Amino acid sequence: MRWILASASVALLLASGGEPAAQGKGIRLWNLTTSTISGFQLSPAGKNDWGPNQTLNDRDKEVDHDERLRITGVETGTL
């Protein structure tokens, strides 16, 4: 299994909350690492309820360097 997540190298691109998010590009993962990501799951803050592997949304089921992945099934929120 080849995947590395480094907070300084992976960017989550968020559309501004509310209605514009539904019309825009939504939430995306941008792999700025030099590695291929084959697993990426999200959990609500403070919980261990992990969602599905988001890389399965990609055609080849992996997110290569400098590739963007659309995140599905997750609503934007505020902190």
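Residues numbered from 1 in each chain as written. Predicted model: local features only at pLDDT ≥ 70, side-chain atom pairs only at ≥ 80, totals over all residues. Heavy atoms only, no water.

K.L.:
Describe unusual backbone geometry, and please don't skip the residues or the numbers.
P.N.:
Its identity as a non-glycine residue notwithstanding, Lys-61 has a phi of 65°, on the positive side. Mapped onto the elements of the fold, Lys-61 is located in the loop between strand E2 (28-31) and strand E3 (68-70). (Helix = DSSP H or I, 4+ residues; strand = E, 2+ residues; numbered from the N terminus.)

K.L.:
Let's hear about the environment of Asn-53: which residues, and what values?
P.N.:
Relative to the helices and strands, Asn-53 is located in the loop between E2 and E3. Considering only alpha carbons, one finds Asn-53 and Gln-41, twelve residues apart in sequence, at a separation of 5.0 Å. What Asn-53 contacts, discounting residues up to four positions off in sequence, is Ser-38, Gly-39, Phe-40 and Gln-41. Here Phe-40 takes part through its backbone nitrogen, which lies 3.1 Å from a polar atom of the side chain of Asn-53. (Contact = heavy atoms within 4.5 Å. Polar contact = N/O pair within 3.5 Å; in protein donor to acceptor, adjacent residues only side chain to side chain.)

K.L.:
Report on the packing of aromatic side chains, specifying residues and quantitative values.
P.N.:
On inspection of all chains with the given rule, the structure shows zero aromatic pairs. Over the face of the ring belonging to Trp-30 we find Arg-68, whose NZ or CZ atom lies 4.0 Å from the ring centre. (Phe/Tyr/Trp six-rings, centres within 6.5 Å; stacked < 30°, edge-to-face > 60°. Lys NZ or Arg CZ within 6 Å of the ring centre and 35° of its normal.)

K.L.:
Pulling in residues and values, what's your account of the confidence of the model for the protein?
P.N.:
Per-residue pLDDT for the protein has a mean of 78; in total, 66% of the residues score no lower than 70. Within the protein, no element has a lower average pLDDT than helix H1 (residues 19-23), which sits at 51, and none a higher one than E3, at 95. When the criterion is pLDDT under 50, residues 1-8 qualifies, and its contacts beyond four places in sequence or with other chains add up to 15 contacts. (pLDDT = per-residue confidence, 0-100.)

K.L.:
Any details on the environment of Leu-29? Residues and values, ideally.
P.N.:
For Leu-29, the position within the fold is in strand E2. On a C-alpha basis, the gap between Leu-29 and Leu-69 in space is 5.0 Å, while along the polypeptide they are 40 residues apart.

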